Amino acid sequence: MPRPKRIRRMNNPPHFKGYRPIGLPEENNPVVINYEEYEAIRLSDYELNGHVEAARIMGISRPTYTRIYESARRKVAEAFVKGRAIVFEGGKVYFDSEWYACNQCGCFFNHLEKEQEIVQCTLCGSADIEQYRNNPEFGPADDVCICPSCGKEKKHVPGIPCRNETCPDCNGPMTRKGVSHRLGMGN
Amino acid sequence: MKVAITSTGNSPESKLDSRFGRCAYFVVYDTESQSMEFIPNPNKENIEGAGPASVQLIASRGAKKVISGEFGAKVKSLFDSLKIMLVILKDPEKRVSEIIELLNH
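For every chain, the first residue of the written sequence is number 1, and numbering continues from 1 along that sequence. Going through the entries in the order they are written, you letter the chains from A and number the ligands from 1. Local features in this predicted model are restricted to residues of pLDDT 70 or higher, and side-chain atom pairs are both shown and tallied only at a pLDDT of 80 or more, whereas totals for entire chains, interfaces and linings draw on every residue. Each side-chain value is worked out from all heavy atoms of the structure, with water and hydrogens disregarded.

(A) Representation of the overall build of chain A in the model. Tallying secondary structure elements over chain A gives 3 helices and 11 strands in all. Strands are runs of DSSP state E lasting at least 2 residues, helices are runs of H or I lasting at least 4, and numbering of each runs from the N terminus. Going residue by residue from the N terminus, the α and β elements of chain A occur as β-β-β-α-α-α-β-β-β-β-β-β-β-β. The buried label applies to any residue whose accessible area, calculated with a 1.4 Å probe on protein chains only, is under 20% of its type's maximum; exposed applies above 50%, and partly exposed to all values in between. Scored against the burial criterion, the 187 residues of chain A give a buried share of 37%. In chain A, of all internal contacts separated by at least 6 residues, the share reaching a separation of at least 24 is 57%. Note on areas: Shrake-Rupley, 1.4 Å probe, and residue coverage restricted to the protein chains presented here. Total accessible area on chain A stands at roughly 12,100 Å², and carbon and sulfur atoms take up 51% of it. Contact definition: two residues touch when any of their heavy atoms are within 4.5 Å.

Shown next, in the form of structure tokens:
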């Protein structure tokens with residue numbers, strides 16, 4: 001039995017059902033884009049996130065994200081080239097919203113209309129609110145360089161490729177943690 | 001707008017129930033007419049699925065906001081897709097009347 005798919009986290013679903021080409025008779029063979037593919041296009045091409053960041057937001061691995069995104073783009077391209085309609089349907093997703101905490105009455109509440117900015121507590125009306133993050137998994141990416149021979153770790157400095165960093169213990173070139181060293185490169 | 005509050009009893013002086021699916025009563029409060037309706041929770045003794053069944057009940061009453069002490073994992077995503085706002089109030093000593101007062105800020 002294959003490993004079950006991880007449920008993908010997404011923001012709001014699109015508020016319409018799909019697209020139809022102009023000037024063509026209506027045909028009933030639309031391209032089905034599922035919600036996770038829609039979300040991938042939204043995250044990458046609308047909000048301009050990198051794949052690593054977007055995968056983090058959806059709670060899936062970077063390769064899975066890239067696969068979903070690739071599939072989404074192929075479907076959009078197919079619809080454009082062949083003049084087929086697009087419908088948004090299905091997908092293994094759950095909808096998530098942002099949570100806020102009120103410092104006045106001590107309540108937590110979620111926010112469903114992400115386009116609108118939230119200014120006051122929904123319960124007591126106080127403006128003393130802050131965004132609540134109970135899931136540190138979705139924080140900014142923390143990149144670490146690792147030495148492939150001795151396993152020494154060092155914080156990655158943006159702009160300097162890991163292979164240009166030298167290990168303080170054995171003076172060898174380092175590599176990015178979690179990418180190539182996990183693949184067992186060099187063996 | 002209608003707001004649902006979980007309550008341990010059927011009077012405004014009852015305290016907030018800290019569980020959503022198995023609370024004793026739901027109070028549906030209408031902020032416009034300021035009317036209150038107490039609904040005994042029919043799912044209280046369910047062996048499983050009390051949360052989703054209670055979501056159905058709340059959604060059928062047209063509430064747009066739910067106030068409770070805690071929501072289960074099954075319930076959160078359901079409410080999100082129904083566009084009902086969740087408010088978690090971790091204060092089991094709060095009375096229903098006090099919460100309604102807060103709502104009328």
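(B) The environment of Glu113(A), seen in detail. With respect to the helices and strands, Glu113(A) occurs in the loop between strand S7 (107-111) and strand S8 (129-132). Put simply, Glu113(A) and Glu98(A) are 15 residues apart on the chain and 9.5 Å apart in space, counted from C-alpha to C-alpha.

(C) Quick look at the interface of chain B and chain A. Each side of the interface is counted separately: chain B has 17 residues, and chain A has 19 residues. As used here, buried area is the combined drop in accessible area, with a 1.4 Å probe, of two parts when they are placed together. Interface of chain B and chain A: buried area, both sides summed, is about 1,600 Å²; carbon and sulfur atoms make up 62% of it. The term salt bridge refers to a pairing of a side-chain nitrogen on Lys or Arg with a carboxyl oxygen on Asp or Glu at a separation within 4 Å. If you look at where chain B meets chain A, you find 0 salt bridges. Pairs of N or O atoms within 3.5 Å make up the polar contacts considered here, provided that, within protein, one atom can donate a hydrogen while the other can accept it, and that residues adjacent in sequence are counted only when both atoms are side-chain atoms. For the pair chain B and chain A, the interface holds 2 residue pairs in polar contact (both at pLDDT 80 or more). Put simply, the parts of the chain that give the side of chain B that touches chain A at least two residues each are strand S4 (65-68), helix H2 (73-82), strand S5 (85-89) and helix H3 (96-103) of chain B. It is S5(B) that provides the largest number of residues to the side of chain B that touches chain A, a total of 5 residues. For this classification, the nonpolar set comprises Ala, Val, Leu, Ile, Met, Phe, Trp, Tyr, Cys and Pro, the charged set comprises Asp, Glu, Lys and Arg, and every other residue, Gly included, is treated as polar. Taken together, the residues of the side of chain B that touches chain A break down into 10 nonpolar, 3 polar and 4 charged. We treat two strands as partners when DSSP finds at least two bridges between them. Bridge count for S7(A) against S5(B) is 3 bridges, and the pairing is antiparallel. Pairing of Phe108(A) across the sheet is with Ile88(B), part of S5(B).

(D) Seen up close, H3(B). Residues and elements named next belong to chain B. Looking only at H3, the buried set comprises Val96, Ile99, Ile100 and Leu103. Angularly, the buried residues of H3 cover 100° about the axis, an arc narrow enough to put them on a single face. Buried residues along H3 sit against strand S1 (2-7), strand S2 (25-30), strand S3 (36-40), S4 and S5. Each C-beta atom gives one direction from the helix axis, and the arc is the one those directions make.

(E) The arrangement of the sheet that holds strand S11 (residues 175-176) of chain A in detail. Residues and elements named next belong to chain A. Taken together, 3 strands build an open sheet; the order of strands is S10-S9-S11 and the sheet is antiparallel. Each having just a single partner strand, strand S10 (153-155) and S11 make up the two edges of the open sheet. One ladder, built from 3 bridges, connects strand S9 (residues 144-146) with S10; its direction is antiparallel. In the strand pairing of S10, Val144 is matched with Lys155.

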